[in-house]
Amino acid sequence: INLPVYSVSTTDENGKCNMNICTYATQISMHPKRFAVAVYPNTKTFENIQTSSRFLLQILSTDNIHQAR
């Protein structure tokens, strides 16, 4: 199965960043554009999402490979 891969970036109350890779995301509305994202409980990402009103979900592609350098 060839699924899209996303990164989920969050920050905690002190501004410390956390990032996970996610393949369990699906668009649930067009206007406004909203996604449902599955996040495991008992993780830092889950904790950050519970205490913040925002997080960043971005789709990754082979075009992003050289961005990490």
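Residues numbered from 1 in each chain as written. Predicted model: local features only at pLDDT ≥ 70, side-chain atom pairs only at ≥ 80, totals over all residues. Heavy atoms only, no water.

J.: Talk me through the sheet that holds strand E5 (residues 56-60); I want residue IDs and the actual numbers.
T.: Taken together, three strands build an open sheet; the order of strands is E2-E1-E5 and the sheet is antiparallel. Two strands in the sheet have a free side with no partner beyond their single neighbour: strand E2 (17-22) and E5. Looking at each pair of strands side by side, their axes are set apart by 25° on average, direction ignored. Pairing between strand E1 (residues 5-11) and E5: five bridges, direction antiparallel. Considered in E5, the bridge of Val5 is made with Leu60. (Pairing = 2+ DSSP bridges. Helix = DSSP H or I, 4+ residues; strand = E, 2+ residues; numbered from the N terminus. Axes fitted to C-alpha atoms, helices over the stretch in contact; angles between N-to-C directions.)

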